[in-house]
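# Geometric and topological summary
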Amino acid sequence: MVAKQEKKVISNYYQYSSTVINYTNKLNPYIRSWSNEVYNKDRNTHILKTYPNIQESFMKENIEYYLISPIFIKILNIIKSYVESLNKLKITVIIQYTLDSSKRYLLSKNNNMYENKSIIIISMKYIMDNNVISVQSYTSTITKFNLNKFIKFLKSEYFTIIELIQYKEIKTQYNINYLYFSPFSSSILAHEIFGHLFEIDNFENLRLNKSKIKIPKFISVIDCPKICLSGYCTFDDYGNKLSNLTVIKNGIIFNLIGEHLKNTNSTRIRAGESLCIPRCTNTIIKVDKHGILYKDYIPKNNILIIQGIKKVKLINNKIFIYIDTAYIIKQYQKYRISLNVIIINVLELINNIIGFDNNYSKASFIDCIKQNQRCGGVGSSSPGIFINIKKCNIQFNEP
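Residues numbered from 1 in each chain as written. Predicted model: local features only at pLDDT ≥ 70, side-chain atom pairs only at ≥ 80, totals over all residues. Heavy atoms only, no water.

## Considerations on the overall build of the chain
The condition that has to hold: To qualify as a helix, a DSSP run of H or I must reach at least 4 residues; to qualify as a strand, a run of E must reach at least 2; elements of each kind are numbered from the N terminus. In this description, contact between two residues means that some pair of their heavy atoms is separated by no more than 4.5 Å. Surface accessibility follows the Shrake-Rupley procedure with a 1.4 Å probe radius. Residue values consider only the protein chains on display as shielding.
If you tally the helices and strands in the chain, you get six helices and 24 strands. In the chain, 73% of the contacts between residues at least 6 apart in sequence involve partners at least 24 apart. Here the chain has roughly 19300 Å² of accessible surface; of this, 49% comes from carbon and sulfur atoms.

Quick look at the structure:
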């Protein structure tokens, strides 16, 4: 009998975050770490995550390295000028910058691997007269941060905000035909409906059947662990090398995340706080030319626009979308509205996607919690999504 090869994965996940409001009220920065030790006898695999008291000095040294770097100082100066230009218009801007990092090692007799992730996430919330105008985020590797690209992004954001502050708030009846999620909101939504939903355990718990789920043919979904979003992960916490996984191709389900866990040792799983479970990494939406709605085909009336999302929860077969800011187009006029949450059947939502715009957004998330376990970051990318809700069972809850 051939003896099993012992593998050891050492994972140091840590996150630094600090929030600035108009650069006059700086909140205390904080550090989070994900730490645990798991031993799986069946696989003869040892997974070690260092404990916070050991890790604290390590984290602070790495954080300080980035915080005093010339590129980070330039980023802060650019943001400061941008915020000051909006303050002149009486717009409050809440900026949160987060450094999402991990250093991971795979140690075995025949194969040693090393992974170093350093992602910067700059989140922006715009407020005027105590109303949230918009929410946006920018994510990049800090070592390859492109300042010109970031400045171009902020200029585009500036003109979007100038447009949005023109719209008055109204109370309205939700007799609408279409739902539109902005690209950034779509990225948050996609993580739940095309990421978590297609993890093998969630899929089976909901008793879903691949052949009975109707997905528009212009949609493809890839789980991409090696692109530079927070889900960057070159090997899982069992020591398996990770590569792109086609989840959906042209509307057909090809793979579920972690689907081969029961049959082989090749599985896409991430360590939580006590147990390895199936995990999506970076959920990337690909749309073919038949799914892009260009200007003449975009719905222009009776449409609810979701500009900002606080969070999304998948509970049983329903998706709960908690709203930060929303707009409505009625009689070809645009208004801001107050809306707390949208509740919709997740399969109806997917089936009634009629198309996307041609503007992609990327998003990185730190606090992805599944079965009360945090993982070391996930990411998502999607263009804006249009949904025909005439055939959907949908609820709107106001404040």
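On we go.
## Some thoughts on unusual backbone geometry
Note the following rule: Exposure classes here rest on a 1.4 Å probe applied to the protein chains alone. A residue is buried below 20% of its type maximum, exposed above 50%, and partly exposed in between.
With a phi angle near 65°, N130 is a residue other than glycine that sits in the positive phi range. Counting through the fold element by element, N130 comes out in the loop between β7 (113-128) and β8 (131-141). The exposure class of N130 is exposed, given its relative accessible area of 77%. Here N250, not a glycine, exhibits a phi torsion of approximately 50°, which is positive. If you trace the backbone, N250 turns up in the loop between β11 (245-249) and β12 (252-253). Taking relative accessible area as the criterion, N250 reaches 41% and is therefore assigned partly exposed.

## A closer look at helix α2 (residues 70-87)
In an α-helix, one turn spans 3.6 residues; hence positions three or four apart end up facing the same way. Inclusion rule: Here a helix's expected span is defined as the number of its residues, less one, multiplied by 1.5 Å. Comment: arc refers to directions from the helix axis out to C-beta atoms.
Between the first and last C-alpha of α2 there are 26 Å, a value that for 18 residues agrees with the 26 Å anticipated at 1.5 Å per step. If you check which residues of α2 are buried, you get F72, I75, I78, I79, Y82, V83 and L86. For α2, the buried positions fall inside an angular range of 135° around the axis, keeping them on one side.

## Things to note about the confidence of the model for the chain
The cut-off we apply is this: On a range of 0 to 100, pLDDT expresses the predictor's confidence in each residue.
Across the chain, the average pLDDT comes to 82, with 78% of residues at 70 or higher. Segment residues 1-5: pLDDT under 50, and six contacts once partners within four positions in sequence are set aside and those in other chains are kept. When the criterion is pLDDT under 50, residues 34-54 qualifies, and its contacts beyond four places in sequence or with other chains add up to 63 contacts.

## Section: empty space enclosed by the protein
Note the threshold: As defined here, a cavity is a set of points on a 1 Å grid over the protein atoms alone where a 1.4 Å probe fits but cannot get out. A pocket is an open set with protein on both sides within 12 Å along at least five of seven lines, and residues line them when an atom is within 4 Å of a point. Grid points are joined across faces, edges and corners, and a volume is the space filled by probe spheres set on the points.
Per the stated rule, a full pass over the model turns up one cavity of 30 Å³ or more. Taken as a whole, the largest cavity spans an internal volume of roughly 30 Å³. In terms of lining residues, the largest cavity is bounded by K318, I343, I344, N345, N393 and Q395. In terms of residue count, strand β19 (residues 341-345) provides more of the lining of the largest cavity than any other element does, three residues in total.

## Considering the nonpolar core
Let me state the cut-off plainly: Grouping buried Ala, Val, Leu, Ile, Met, Phe, Trp, Tyr and Cys residues that are joined through side-chain atoms within 4.5 Å yields what is termed a nonpolar core.
Judged by nonpolar contacts, the single largest core of 60 residues is most densely connected at F194, F198, L304, I306 and I342. Considering each element in turn, this core owes the most residues, six residues, to helix α4 (residues 183-195). For F194, the residues in contact, after removing those within four places along its chain, are I219, V221, I248, T283, I285, I350 and I353. With 38 residues, the next largest nonpolar core counts V83, I91, F153 and Y178 among its residues.

## Re the packing of aromatic side chains
Describing an aromatic ring pair means giving the distance of the ring centres and the angle of the ring planes. Which entries qualify depends on this criterion: Here the aromatic set is Phe, Tyr and Trp, taking the six-membered ring for Trp, and pairing holds for ring centres within 6.5 Å; pairs whose planes are under 30 degrees apart are stacked, those over 60 apart are edge-to-face, and all others are tilted. Geometrically, a charge over a ring is one whose NZ (Lys) or CZ (Arg) sits within 6 Å of the ring centre while staying within 35 degrees of the ring normal.
Scanning the entire structure with this criterion turns up 13 aromatic pairs. Arranged with centres 4.9 Å apart and planes meeting at 50°, the rings of Y138 and F153 form a pair that is tilted. Taken as a pair, Y138 in strand β8 and F153 in helix α3 (residues 147-164) lie far apart in primary sequence, 15 residues in all. For Y138, a relative accessible area of 10% puts it in the buried group. Assessed through its relative accessible area of 19%, F153 is described here as buried. Seen from their ring centres, Y158 and F159 are 5.7 Å apart, and the 85° between their planes marks the pair as edge-to-face. Cluster of aromatic residues (ring-pair linked, three or more members): Y138, F145, F150 and F153. The residue whose ring lies beneath K311 is Y322, and the NZ or CZ to ring-centre distance is 5.0 Å. The ring of Y327 has K334 lying over it, and the distance from NZ or CZ to the ring centre is 5.5 Å.

## Notes on the environment of Y97
You can see Y97 is positioned in strand β6 (residues 92-108). Look at Y97 and you get buried, because its relative accessible area is 6%. Separated by 26 residues in sequence, Y97 and S123 have C-alpha atoms that sit 6.3 Å apart.

## A word on the packing of α2 against α3
Threshold: Angles shown run from 0 to 180 degrees and are taken between the N-to-C directions of axes, each axis being a line fitted to C-alpha atoms and, for helices, limited to the stretch in contact. Every angle not falling under 35 degrees, over 145, or within 65 to 115 is termed oblique; those three ranges are roughly parallel, roughly antiparallel and roughly perpendicular. In a left-handed crossing the near helix is turned counterclockwise from the far helix by less than a right angle, and in a right-handed crossing that turn is clockwise.
At a minimum axis distance of 11 Å, the contact between α2 and α3 shows a crossing angle of 15°. With respect to each other, α2 and α3 are oriented roughly parallel. The two elements α2 and α3 cross, and the hand of that crossing is right-handed. Facing I71, K74, I75, I78, I79, Y82, S85 and L86 of α2, the residues of α3 in contact are L147, F150, I151, L154, E157, Y158 and I161.

## Things to note about the state of the cysteines
Operational definition: The disulfide criterion is simple: two cysteine sulfur atoms within 2.5 Å.
Considering all chains together, one arrives at zero disulfides under this definition. This cysteine, C280, is not joined by any disulfide, and C368 carries the nearest cysteine sulfur, 5.6 Å off.

## Focus: the side chain of D223
As a reminder of what qualifies: What qualifies as a polar contact is a pair of N or O atoms within 3.5 Å, subject to a donor-acceptor requirement within protein and to the restriction that residues adjacent in sequence count only when both atoms come from side chains.
Along the chain, the position of D223 falls in strand β10 (residues 219-223). Within the local environment of D223, its side chain forms a polar contact with the side chain of T281, the two groups lying 2.7 Å apart.

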